[in-house]
Amino acid sequence: MSDSSAKSGMTIHLKIWRQARSAAQGRFVDYTVSGIQQEMSLLEMLDILNEDLVRKGEEAIEFDSDCREGICGTCGMVVSGVAHGKHAGTTTCEIRMRQYKDGDTITIEPFRAGPFPIIKDLVVGREAFDRIQRKGGFVSTNVGSAPDGNAILVSKLAADDAMDAATCIGCGACVAACPNASASLFVSAKISQLAWLPQGGPERGRRALAMIAQMDAEGFGDCSNHGECEAVCPKQISIQNIAKMRREYVKAAWTGADKSRSSGGD
Amino acid sequence: MTTGNRVLDAKIPGGPLADKWDRHEMENPLVAPGGNRRKLTVIVVGTGLAGGGAAATLGELGYNVLNFCIQDTPRRAHSVAAQGGINAAKNYQNDGDSVQRLFYDTIKGGDYRSREANVYRLAQLSTGIIDQSVAMGVPFAREYGGALSNRSFGGVQVSRTFYARGQTGQQLLLGVYSALVRQIEAGTVKMFPRHEMLDLVVVDGRARGIIARELTTGEIKRFAADAVVLATGGYSPVFYLSTNAVNCNATAIWRAHRRGALFSNPCYTQIHPTAVPQMGDYQSKLTLMSESLRNDGRVWVPKKPGDKRRPNEIPESDRDYYLERRYPAFGNLVPRDIAARAAKVESDLGKSAYFSPQSVYLDFAEAIGRLGKGVVGDRYGNLFDMYREIIGDSPYDTPMMIYPAPHYTMGGLWVDYNLQGTIEGLFVAGEANFSDHGANRLGASALMQGLADGYFVVPRVVASYLANAKASTVKADHDGFKAVEDESRTHIQRLLAIKGKRTVRDMHWELGRTMWDKVGMARNAGGLKEAIAEIGKLRESFWHDLALTGGADDLNKQLEQANRLCDYLELGELMARDALMREESCGGHFREEHQTPEGEALRDDANFAFVSAWEYTGPGREPVMHKEPLAFENVELKTRSYK
Ligand SMILES: Cc1cc2nc3c(=O)[nH]c(=O)nc-3n(C[C@H](O)[C@H](O)[C@H](O)COP(=O)(O)OP(=O)(O)OC[C@H]3O[C@@H](n4cnc5c(N)ncnc54)[C@H](O)[C@@H]3O)c2cc1C
Ligand code: SF4
Ligand code: FES
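Residues numbered from 1 in each chain as written. Chains lettered and ligands numbered in written order. Predicted model: local features only at pLDDT ≥ 70, side-chain atom pairs only at ≥ 80, totals over all residues. Heavy atoms only, no water.

Enquirer: How should I be thinking about the sheet that holds strand S8 (residues 206-214) of chain B in this particular structure?
Expert: The strands making up a sheet associate through hydrogen bonds between their backbones, and the pairing can be parallel or antiparallel. Residue and element names in this part refer to chain B. On the basis of which strands lie adjacent, the open sheet formed by three strands has the order S7-S8-S9 and antiparallel pairing. Each edge of the open sheet is held by one strand with a lone partner, namely strand S7 (195-203) and strand S9 (220-224). On average, each strand axis in the sheet is tilted by 25 degrees relative to the strand beside it, whichever way the strands run. (Pairing = 2+ DSSP bridges. Helix = DSSP H or I, 4+ residues; strand = E, 2+ residues; numbered from the N terminus. Axes fitted to C-alpha atoms, helices over the stretch in contact; angles between N-to-C directions.)

Enquirer: Would you mind going over the interface of chain B and chain A with me for this structure?
Expert: Counting from both sides, the interface comprises 82 residues of chain B and, opposite them, 80 residues of chain A. For the pair chain B and chain A, the summed buried surface comes to about 6,800 Å²; carbon and sulfur atoms form 50% of the total. By the criterion of area lost to chain A, the three top residues of chain B are Arg76, Tyr282 and Glu389 of chain B, representing 10% of everything that side buries. The tally of links between chain B and chain A comes to eleven salt bridges. Put simply, Asp64 of chain A and Arg194 of chain B hold a salt bridge, and the shortest N to O gap is 2.9 Å. The dominant element in the side of chain B that touches chain A, judged by the number of residues it contributes, is helix H6 (residues 168-186) of chain B, at nine residues. Of the residues assigned to the side of chain B that touches chain A, the class counts are 34 nonpolar, 25 polar and 23 charged. (Contact = heavy atoms within 4.5 Å. Buried area = accessible area lost by both parts, 1.4 Å probe. Salt bridge = Lys/Arg side-chain N within 4 Å of Asp/Glu carboxyl O. Nonpolar A, V, L, I, M, F, W, Y, C, P; charged D, E, K, R; others polar.)

Enquirer: Whenever I open this one, the pattern of salt bridges confuses me. Can you help?
Expert: Opposite charge on two side chains lets them pair, provided their charged atoms get close. As enumerated under the stated definition, the model contains 71 salt bridges over all chains in all. Across the pair Asp160 of chain A and Lys156 of chain A runs a salt bridge whose closest N-O atoms are separated by 3.1 Å. Placement of both Asp160 of chain A and Lys156 of chain A in helix H3 (residues 156-166) is noted, with a separation of four residues, approximately one turn of the helix. Taking the relative accessible area as the measure of exposure, Asp160 of chain A reaches 25% and is therefore partly exposed. The salt bridge partner of Glu534 of chain B is Lys518 of chain B, with a shortest N-O separation of 2.5 Å. A residue pair is termed long-range when its members are at least 10 positions apart, and Glu534 of chain B in helix H15 (residues 525-545) and Lys518 of chain B in helix H14 (residues 504-518) qualify at 16 residues. Each of Asp111, Arg113, Arg582, Glu584, Arg603 and Asp605 of chain B takes part in a single network of salt bridges with overlapping partners. (Buried < 20%, exposed > 50% of the residue type's maximum accessible area, 1.4 Å probe, protein only.)

Enquirer: Is there a simple way to think about the pairing of strand S2 (residues 41-45) of chain B in this case?
Expert: Consecutive residues of a regular strand have side chains that alternate between opposite faces of the sheet. All names here are of chain B. Of all five residues that make up S2, five are buried, and the element is covered over most of its length. Judged by which residues are buried, S2 turns out to be covered on both faces: Thr41, Ile43 and Val45 on one side and Val42 and Val44 on the other are all buried. Regarding the hand of the β-α-β motif, the stretch spanning S2, helix H3 (residues 49-61) and strand S3 (residues 64-68) is right-handed. Of the strand pairs in this sheet, S2 and strand S10 (residues 227-230) are connected by four bridges, and their pairing is parallel. Among the inter-strand pairings, Val44 is bridged to a residue of S10, identified as Val229. (Right-handed = clockwise from strand over helix to strand, strands pointing away.)

The quantities given are spatial measurements derived from coordinates; they are silent on function.
Spelled out as structure tokens, the structure:
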């Protein structure tokens, strides 16, 4: 690692989107922060800026964050034009100031998409994702009815593929990056996780139809294979999931929601 | 200190240990399905494994559930961050595991300060959790034959931990979330995201509801119910820097405490041995590196104090693998409290990684030599990547640097066997209660407790409470609600009216310093008394010097954090008082006055085999401590040894 004893610190210029709650218009506001260490995270820099603002009697910049280690999906901002910043495979909270040099300018704005209303400053509402999950992002099994864990064998490869899809953190970067504001990557991750597993088999047709219908109803756009979603996804969810989702959909649309006899694991 | 004489009846069912829960299930009354259940409302605060599991399951049973969380969606509850795994006594590895052994390991791991009956039930329920999670589509790691995989975790000699790469908590929580959205869609659960509980409403001695603030609008609302379940997680951020998410808080349990719920063992906190070391005072949290790393990583420091050479320049002969040296039987896999304290002992002697006086090495060179880079990468790749993002170098080539960090709180609200607190109708589940881990929690056991409480215990005990209690006639328009709502509003206004000069973060940082230095990994009477005085002063300063901007009718995270900090400023003091009272060392509570000549913890079973249960007596007044004696009928109290 680079020498942490060099505590000089960088000066960074920021252009940050400010928008009052429910106000129709927002705007960029310029700020300058200094003494920024390279081990600091981008969000820690915002914390410091917010402290300065509060001391001056100004309102702090609102942004969402919780785990600050890339797993909860709460944070989510467009950093200098890219959802979650320029490094692939990381979330906004994982951005370290090591990526920048003294005097750099960083633009920070919220995830923008019709179905993600801005609540205030950099905070957006992503409830549309929950409403899509409600339509079928589950296996209908009540507590108490499960057989022994090893009674359901799952090949390691299928389990790994399911896990790859299941790591989606529901952050919404895929939507923010898509020119059509499509939620296909997010929705396909859940559909394909459950389609890989035998547990998801009985409901796979019904699930694909219902979740996709809700995705459309929420006003997310169509997927036209731009691939921007995969590029910004912090969990590197593969766009192949979208292809799998389409197959699930076509099969279900063809045979009817509950006619699919496949037990999953394909 | 005043000791009270309330008799705390844990309501442990009679009969042999192994039969207690079944018997209890048989003897408990039930509510018939259908209309009767729909008319009964249960508030569940929290959507982690405990709260989300309970809300979904109560919904499946047909109750009318109101479920709350701070985050914008239930899927982000802090359980999502758990990495390493979840224990269950499945004995799939045929290595001698059993319910009895899991029970014994947990009692011993907790340093004989937990309740036998609760721990036994936890071990019994553990197996059903795995079954349920698999059925929901949780993608646990598997072997080529298709069976579930296991790994081992600290403090035990069997392999009973189930995992989903390094994201076990996320996957289990997404399982809970899927059950929850299914019930939301079915109309049995009503979800209130971005709602923070500010207070508990108690009318005629019974919990009747809560007051919550909608965080986006600032609106303060009343919610009435027939029972209230708190599953709001732990309070590690009382140390400011911890491995917890930045919004974790004690507000819900602390306000319930102020309304009469006794608070147990507040001083039992777990300092996790393997986190990325602290870097600077700008920091907002510490990042955990899963305990599973100790399966293959070897912990060491340079033999010579002050050795500032880079780790790869230090030859084997100049390294001290102190855990392997001191604990040959368990080596790098000793329980957390022991591994954490050992790191402190070394660094106090001036032996540390070059990076800072508070860091030690965790080295994978031997594992990479033995297993190859590929296998090590499969096991820990995502953790290594995370580490590299933060520190800047790669654990594949350079030993990792780690140091202990506040991580988990074993203390919490007192509950009986039915998870009911000392207020009737108030139930507490998951990390928020005190019940299962004694003075130290074993790795991979919090997820187990969260889901045992959520899926199995809460639904049963709340149902039988509701079967006995008559439907509540107290509605949200009752005067009791109005009074508490007014208090909540005044409290928020008071915070905004202080108009001082210090930020919330600045004051929280100061509280954290005191807690870490004096109520942290090693404690002594002098330090604890200083801590009590310092926290008292800081609390006064808080009410004069706090700087806040923005209003109460809007999203205002500074205000949210200030509101949480004022509870931490009271809880921190109680933790110090509890630690001062407990004149022994046990588990995560280490009093320097009470140790063996080799520096191991010295328990005092004759005088301290009890649960402390603190009563709030009013602002600025000394709390009163009550005791629940611990009876051990099935295990023999022994000195914990991992040598
Ligand atoms: C980094 C990390 C790694 C871990 N790894 C493991 C592991 O590998 N194995 C293991 O067994 N354990 C692990 N743990 C511990 C374990 O994750 C937690 O103890 C457990 O998940 C807690 O679950 P819970 O349901 O009690 O609470 P949480 O999951 O913390 O949920 C709390 C809920 O309460 C809500 N809430 C809190 N306050 C309020 C309020 N005032 N009003 C409204 N809602 C509120 C929150 O929004 C949230 O929904 C780890 C912990 C950390 C920090
Ligand atoms: S698919 Fe990727 S970008 Fe989209 S919500 Fe999931 S994790 Fe975020
Ligand atoms: S804050 Fe949790 S992913 Fe960024």
